[in-house]
Amino acid sequence: MTTMQMEYRLSQLDQLEAESIHIFREVAAEFEKPVLMCSGGKDSIVMLRLAEKAFYPAKLPFPILQVDTGFDFPEVLEARDRWVARLGARLVVASVDEAIRRGIVVDDGRTSRNRLQIGTLLNAIEENGFTAAFGGGRRDEEKARAKERIYSHRDEFGQWDPKNQRPELWNLYNGRIRPGEHMRIFPLSNWTELDVWHYIARERIDIPTIYYAHDRNVIARDGMLLSASHAVQPRDGEKIERRRVRFRTVGDMTLTGCVESDADNVEKIIEEISVARVTERGATRGDDRFSEAAMEDRKKEGYF
Amino acid sequence: MTTPNTAPEAVGTGMDLLRFATAGSVDDGKSTLIGRLLYDSKAIFEDQLEAVEAVSEGRGYEYTDLALLTDGLRSEREQGITIDVAYRYFATPKRKFIIADTPGHVQYTRNMVTGASTADLGLVLVDARKGLSEQSRRHAVLLSLLRVPHLVLAVNKMDLVDYDEATFTRIHAEFTAFATKLNIPDLTMIPISALKGDNVVSRSENMPWYEGPSLMHHLENVHVASDRDLVSARLPVQYVIRPKSDDFHDFRGYAGQIAGGVMKPGDEVIVLPSGFTSKISSIELFDREIAEAFPPMSVTVRLTDDIDVSRGDMIARVNNAPKPSQDIDAMVCWMTNKPLRQGQKLAVKHTTRTARALVKDIQYRLDINTLHRDSDVGELALNEIGRVRLRTTAPLLCDPYARNRTTGSFILVDEVTGVTVGAGMINDVA
């Protein structure tokens, strides 16, 4: 394949990487106070890797923001901490529990933690005066996201208006905002789930161990396998079982299900996903299941 | 760049990427075609298909409406039309594809221009029963104006004309004649049925008279690597990296995405607009030095001399550099309700450089149906395209759009609302 070299062709992963790095640098250059939103999940960790590359050998020119739902998987928080230490970055934690205590969001006992994250996040953005927030959202995840811009404008209420988006042309991003507004930035917009995994494999990226197959106590509920923990206890008729599982996405423990799997390394995961017949969110995310337009509604309110 | 690894874990990493934009009228079957490409390449998952099957059944359709797979936002599903650019992804063992799916509806030129701006290939659909419509011509004009190098005309619904060769030949001839007026370096026409799957992924047995490739075969094999300008080296400086740490005390790197040409360590370069010259000491990609950089790589370039370089500057070769100019002659697509007028002031973003611009005059409006030039126009309305002269507060470092789509394009931004209101393609630099 010497022709590849002569033609100056970049593989798709290299092209995606180049595009994402361009976005990180553009935001760092044009916004006063950016922040990187990190859940500790694989997508946000891939963002950290790309940001590391974008500014090397300098440190990240922005802090990392994590919304602590109080129901996060300990393995995810551990991975987050390893990355923060590796990058020498500043970590800002916005806690849902604290937001409830301060009356910023209301826990009526019926609202999910996922939903309470929205108010907590918007408050953290406002209190810290962040003008741009990087998120790990990908357009292949969900139909509403397929239409979202890489620079996604949010009004002073943090809301997304899908009918009033700015056109986005070439690689020219418009970062103008008015006081009180902010921009969500999605550097992974053009990546697919499989791209993310290929990149994790290629770069040997350190991700939370719960993505790999392991034995875990689980409870079957609503067609999902939830991890038994302080946050999820068996209800009447349910029982705790020990199964070999892995997680395809990580959110809070009450909503994120796992799948039965023997894929205990990244190559096996890629193999498994390549033949998977159900989307990662459809398989394991209770929060997207409520209605056909569930994601669209949460996005309008200010979800990631 | 190295020999592709054929180990299982490398599948997907050695592929390249094709970005294409689709256009078609509401009824040309575009969503069905995209649905089929996604479905046949297994980019559609069971839960998505089940949802679509349920809706189709609920509406009493006899077949699964694949168009439902792509109609993303609730308001669109209610209206049954696509209102904005949507991006879709699928991959075959050969390539990864990014589709910019743009609505064909009359008032949405702006979306089509947006989708085409990053496309390597444009896919225009026509209904075999109706032949070339005003809209299909308009889509071809826009793709040509945006210098999308490859165009595919998919003549759809061949099943409804009994796979008739004469129908295809007639449309083929009509479009060939029309295309001579445009800049389309590579044109391919394919008879298909998106609904039945003819010539979409595999060659159709219903049209033995057609000897060309299936649509998927063409998308997988069309040659795009040489579409970019590899002659004129251009690096718009995006960000200056200065770690100020003990390990990298004197490090000063100019980060950016290569917009044209090939850069190598040792190259004599000029920094614009200052005109200082220096030599590339190294090109870095994260923690390793590379031998050459080409588009669209994001790299960090270091120079041998300690000269003043900042964001918005352009690094080029000494004997092949863009000429800094404050007088810009461009085709502008206007994208907002309030019309563009002479004397108006706007912000302009070109590469990594932002300036203010004054609209000197609107020379003519291009009728994208007839290609007629209406001079004597006082303004450009939403979705209109015209030739405009701008005077900028700072020099832009640009090339003609026909030579380089990155250094030849800009956006116009309303300084009060902050909204992107126009897209420009530079004709010439005064």
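One numbering rule holds for all chains: residues counted from 1, following each sequence as written. Note on labels: chains are lettered from A, ligands numbered from 1, in written order. Predicted model: local features are reported for residues with pLDDT of at least 70 only, side-chain atom pairs are reported and counted for 80 or more only, and whole-chain, interface and lining totals are derived from all residues. Water and hydrogen atoms were dropped before computing side-chain values, which therefore reflect all heavy atoms in the structure.

By the naming in an unreviewed UniProt entry, chain B goes by sulfate adenylyltransferase and is assigned to Sphaerimonospora thailandensis.

As recorded in an unreviewed UniProt entry, chain A goes by the name Sulfate adenylyltransferase subunit 2, listed as coming from Sphaerimonospora thailandensis.

Asks: How should the nonpolar core be read in this particular structure?
Replies: Core analysis: the largest hydrophobic core is formed by 78 residues, its most contacted members being Phe-20, Leu-33, Leu-37, Leu-123, Leu-146, Leu-153 and Phe-175 of chain B. We call two residues in contact whenever any of their non-hydrogen atoms come within 4.5 Å of each other. Those residues within four positions of Phe-20 of chain B in sequence are excluded, and the remaining contacts are Leu-37, Phe-90, Phe-97, Ile-98, Ile-99, Ala-100, Ala-119, Leu-121, Leu-123 and Leu-219 of chain B. Residues grouped as a nonpolar core are buried Ala, Val, Leu, Ile, Met, Phe, Trp, Tyr and Cys residues, joined through side-chain atoms within 4.5 Å. Relative accessible area decides the class of each residue, using a 1.4 Å probe on protein chains only: under 20% of the type maximum gives buried, over 50% gives exposed, and in between gives partly exposed. Judged by nonpolar contacts, the second largest core, of 63 residues, contains Ile-23, Ala-89, Phe-134 and Val-196 of chain A.

Asks: What is the right way to look at the packing of aromatic side chains in this model?
Replies: Two descriptors summarise a pair of aromatic rings, namely the distance from one centre to the other and the angle between the planes of the rings. Each Phe, Tyr or Trp ring, with Trp reduced to its six-membered ring, pairs with another whose centre is within 6.5 Å; inter-plane angles below 30 degrees give stacked pairs, above 60 give edge-to-face pairs, and intermediate values give tilted ones. Inspection of every chain in the model, using the stated rule, returns 21 aromatic pairs over all chains. Measuring from ring centre to ring centre gives 6.5 Å for Phe-20 of chain B and Phe-90 of chain B, while their planes differ by 85°; the resulting arrangement is edge-to-face. Taken together, the positions of Phe-20 of chain B in strand β1 (residues 16–23) and Phe-90 of chain B in strand β2 (residues 86–91) put the pair 70 residues apart, joining distant regions of the chain. Judged by its relative accessible area of 1%, Phe-20 of chain B falls in the buried class. For Phe-90 of chain B, a relative accessible area of 3% gives the class buried. Ring-pair connections join several aromatic residues into one group, and the members of that group are Phe-24, Phe-55, Phe-62 and Phe-134 of chain A together with Tyr-239 of chain B. Going along the chain from the N terminus, every DSSP run of H or I of four or more residues is numbered as a helix, and every run of E of two or more is numbered as a strand.

Asks: It is not clear to me how the sheet that holds strand β4 (residues 132–134) of chain A should be interpreted in this structure. Could you clarify?
Replies: Strand pairing in a sheet is mediated by backbone hydrogen bonds. Such pairs are either parallel or antiparallel. Residues and elements named next belong to chain A. When DSSP finds at least two bridges between two strands, those strands are taken to pair. Reading across the sheet, the six strands line up as β3-β2-β1-β4-β6-β5 and stay open at both edges, with mixed pairing between neighbours. Edge positions in the open sheet fall to β3 (91–95) and β5 (151–154), since each of these has one partner strand only. Direction aside, the axes of adjacent strands within the sheet are offset by 30° on average. Where β5 lies against strand β6 (residues 182–185), four bridges are found, and the strand directions are antiparallel. Bridge assignment links Arg-154 to a residue of β6, and that residue is His-182. For every element, the axis is a line fit to its C-alpha atoms; helices are fit only across the contacting stretch, and the angle between N-to-C directions ranges from 0 to 180 degrees.

Asks: How do you make sense of the side chain of Gln-15 of chain A when you look at a structure like this?
Replies: Relative to the assigned elements, Gln-15 of chain A resides in helix α2 (residues 12–30). Among all residues touching Gln-15 of chain A, those that are not within four sequence positions of it are Leu-10 of chain A together with Leu-17 and Pro-296 of chain B.

Asks: Any chance you could explain the pattern of salt bridges here in plain terms?
Replies: Any carboxyl oxygen of Asp or Glu within 4 Å of a side-chain nitrogen of Lys or Arg constitutes a salt bridge here. Within this structure, the stated rule accounts for 55 salt bridges over all chains. Taking the shortest distance from any N to any O, the salt bridge between Arg-202 of chain A and Glu-17 of chain A comes out at 3.4 Å. Of this pair, Arg-202 of chain A sits in helix α7 (residues 193–203) while Glu-17 of chain A sits in helix α2, placing them 185 residues apart in sequence. Here Arg-202 of chain A falls in the partly exposed class, since its relative accessible area comes to 30%. In this structure Glu-17 of chain A comes out as buried when scored by relative accessible area, which is 4%. Of the charged contacts in the structure, one is a salt bridge between Lys-349 of chain B and Glu-26 of chain A, with a shortest N-O distance of 2.7 Å. Taken together, the residues span two chains, with Lys-349 of chain B in strand β17 (residues 345–350) and Glu-26 of chain A in helix α2. One exposure class covers both Lys-349 of chain B and Glu-26 of chain A, and it is buried. Taken together, the shared-partner salt bridges connect Asp-14, Glu-17, Arg-49, Glu-52, Lys-53, Arg-86, Arg-202 and Glu-203 of chain A into one network.

Asks: Hey, could you run me through the sheet that holds strand β8 (residues 224–227) of chain A in this one?
Replies: Residues and elements named next belong to chain A. Ordered in space as β7-β8-β10-β9, the four strands form a closed barrel in which the pairing is antiparallel. For this sheet, the mean inter-axis angle between neighbouring strands, taken without regard to orientation, is 65°. Of the strand pairs in this sheet, strand β7 (residues 214–221) and strand β9 (residues 240–246) are connected by six bridges, and their pairing is antiparallel. Looking at the pairing, Ile-219 lines up with Ile-240 of β9.

Asks: Would you mind showing me how to read the pairing of strand β11 (residues 276–285) of chain B here?
Replies: If a strand is regular, its side chains alternate between the two faces of the sheet. Residues and elements named next belong to chain B. Bridge count between strand β10 (residues 268–272) and β11: four bridges; the pairing is antiparallel. Across the sheet, Ile-270 pairs through a bridge with Thr-277, a residue of β11. Between β10 and β11, which pair antiparallel one after the other, the connecting turn spans three residues, and Gly-275 there sits at a positive phi close to 90°. Note that β11 and strand β13 (residues 298–303) share four bridges and pair antiparallel. The residue bridging Ser-282 from the neighbouring strand is Arg-302, located in β13. For β11 and strand β12 (residues 288–289), the ladder comprises two bridges, and the chain directions are antiparallel. The residue bridging Glu-284 from the neighbouring strand is Glu-289, located in β12. Taking the residues between adjacent antiparallel strands as the criterion, β11 and β12 are bridged by two residues, where Phe-286 takes a positive phi near 55°.

Asks: Sorry if this is basic, but what is going on with helix α6 (residues 165–179) of chain B here?
Replies: Quick reminder: α-helices carry 3.6 residues per turn. Residues three or four places apart thus point the same way. All names here are of chain B. In this analysis, the expected span of each helix is defined as 1.5 Å times one less than the number of residues it contains. Counted at 1.5 Å a residue, the expected span for α6 with its 15 residues is 21 Å, and the 21 Å between its end C-alpha atoms agrees. Taken residue by residue, α6 has Thr-167, Phe-168, Ile-171, Phe-175, Phe-178 and Ala-179 as its buried positions. Mapping the buried residues of α6 onto a view down its axis gives an arc of 95°, with all of them on the same face. On its buried face, α6 is in contact with β4 (121–127), α5 (134–145), β5 (150–156) and β6 (186–191). N or O atoms closer than or at 3.5 Å make up a polar contact, with two conditions inside protein: a donor-capable atom paired with an acceptor-capable one, and, for residues adjacent in sequence, both atoms drawn from side chains. Regarding α6, its N-cap is Asp-164, as a side-chain oxygen of that residue lies 3.4 Å from the backbone nitrogen of Ala-166 further along. Here the arc refers to the set of directions running from the helix axis out to each C-beta atom.

Asks: I tried to follow unusual backbone geometry on my own but got confused; where do I start?
Replies: In most cases, non-glycine residues show a negative phi, while peptide bonds are predominantly trans. Here Tyr-56 of chain A and Pro-57 of chain A are connected by a cis peptide whose omega angle stands at 0°. Examined against the element boundaries, Pro-57 of chain A turns out to sit in the loop between α3 (42–55) and β2 (64–68). Leu-272 of chain B connects to Pro-273 of chain B through a cis peptide bond whose omega is 5°. Its place among the elements puts Pro-273 of chain B in the loop between β10 and β11. Positive phi is not limited to glycine here, since Leu-371 of chain B has a value of about 65°. A positive phi is found at Asn-383 of chain B, a non-glycine position, where the angle reads about 70°. Summarising the element assignment, Asn-383 of chain B is placed in the loop between β20 (379–380) and β21 (385–397). Of the residues examined, Asn-383 of chain B reaches a relative accessible area of 13% and is grouped as buried.

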